[in-house]
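Breakdown of the fold
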Amino acid sequence: MTFTDTRSELATALSTVTGLTGYEFKPAILHAGDAWALLGTADRGPGKAWSATWRVQVCGGGDERAAMQLHDDVLPELVDKLDPIAYVDQVTPIAFPTEGGPILYGLELSCTSE
């Protein structure tokens, strides 16, 4: 499977999570519920096979409390949908800076695929 295939599968899986819309790339304008995958690192292992680390980002919106509630509301379903494609290693709250607007809050999930 190529990195492009994995990115596409991740976007499709993200769209199956209640309240989320998955994209293959970060949308130009973010809304609560937008989610996408960024390729982190690609490591070449035994047998010349590639392993990739993905940073799946989920925008929870401009209300920090509501965005953190997103963590509780969607995390179990989100992990269940992503795990068959890329194993979720870690979840971190994040803030997305914006140009001239409020900070947007969300989650970043670190995942590994083969």
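Further up the page is the structure itself.
Overview of the structure. This structure is a prediction, so every number in the text was calculated from the model and none was measured.

Rules used throughout
- All chains use their own residue numbering, which begins from 1 and follows the written sequence.
- The model is predicted, so local features are restricted to residues of pLDDT at least 70 and side-chain atom pairs to those at 80 or more, both for listing and for counting; the totals for chains, interfaces and linings are taken over all residues.
- Values shown for side chains rest on all heavy atoms present in the structure; no hydrogens or waters enter the calculation.
- Helix and strand assignments follow DSSP, with helices taken as H or I runs no shorter than four residues and strands as E runs no shorter than two, numbered in order from the N terminus.
- Using C-alpha atoms as the atom set, the radius of gyration is obtained and then compared with a globule rule of 2.2 Å times the number of residues to the power 0.38.
- Residues count as neighbours in contact if any of their non-hydrogen atoms are within 4.5 Å of one another.
- Computed by Shrake-Rupley with a 1.4 Å probe, the accessible areas treat only the displayed protein chains as cover when residues are assessed.
- Charge counting follows a simple rule: Lys and Arg are positive, Asp and Glu are negative, and His as well as the terminal groups are ignored.
- Where a charge lies is defined by one atom per residue type: Lys uses NZ, Arg uses CZ, Asp uses CG and Glu uses CD.
- DSSP-based pairing: two strands are paired if at least 2 bridges between them are found.
- For helices, the fitted axis covers only the stretch in contact; all axes are lines through C-alpha atoms, and the angles between them, taken along N-to-C directions, range from 0 to 180 degrees.
- Only protein chains enter the accessibility calculation, which uses a 1.4 Å probe; a residue whose area is less than 20% of its type maximum is buried, one above 50% is exposed, and one in between is partly exposed.
- Fitting one axis to the seven residues ending at a residue and another to the seven starting there, the bend at that residue is the angle between the two axes.
- Polar contact is the term for a pair of N or O atoms within 3.5 Å; when the atoms are in protein, one must be able to donate a hydrogen and the other to accept it, and sequence-neighboring residues count only if both atoms are side-chain atoms.

What about the overall build of the protein?
Helices and strands together make up the secondary structure of the protein, namely two helices and five strands. The helix and strand sequence of the protein, counted from the amino end, reads α-β-β-β-α-β-β. For 114 residues, the compact-globule estimate of 2.2 N^0.38 gives 13 Å, and the protein sits close to it at 14 Å. Along the longest, intermediate and shortest principal axes, the C-alpha atoms of the protein span 45 × 30 × 20 Å. Sequence-distant contacts in the protein: of pairs separated by 6 or more residues, those separated by 24 or more amount to 52%. If you sum the accessible surface of the protein, you get close to 6500 Å²; carbon and sulfur atoms cover 53% of it. Placing the 7 positive and 16 negative side-chain charges of the protein at their respective mean positions leaves the two points 8 Å apart.

Remarks on the sheet that holds strand β3 (residues 50-61)
Read from one edge of the open sheet, five strands run β1-β2-β3-β5-β4, paired in mixed fashion. Each edge of the open sheet is held by one strand with a lone partner, namely β1 (21-23) and β4 (87-96). Ignoring which end each strand starts from, the neighbouring axes of this sheet average 25° apart. Of the strand pairs in this sheet, β4 and strand β5 (residues 104-113) are connected by nine bridges, and their pairing is antiparallel. Note on β5: the bridge partner recorded for valine 88 is cysteine 111. Along the sheet, helix α1 (residues 3-15) contacts β1, β2 (34-44), β3 and β5; its crossing angle with β2, the most-contacted strand, is approximately 150°. Helix α2 (residues 64-82) contacts β3, β4 and β5 of the sheet and is inclined by roughly 20° relative to β5.

Things to note about the pairing of β5
With respect to burial, β5 is a largely interior element, seven of its 10 residues being buried. Pairing geometry for β3 and β5, over nine bridges, is antiparallel. Residue pairing in the sheet places glycine 61 in a bridge with tyrosine 105 of β5.

With respect to α2
Along α2, the sharpest kink reaches roughly 55°, centred on valine 74 and followed within four residues by the proline proline 76. Within the sequence span of α2, burial applies to Ala67, Leu70, Val74, Leu75, Leu78 and Leu82. Buried positions along α2 lie against α1, β3, β4 and β5. For α2, the N-terminal capping position is held by aspartate 63, with its side-chain oxygen 2.9 Å away from the main-chain nitrogen of arginine 65.

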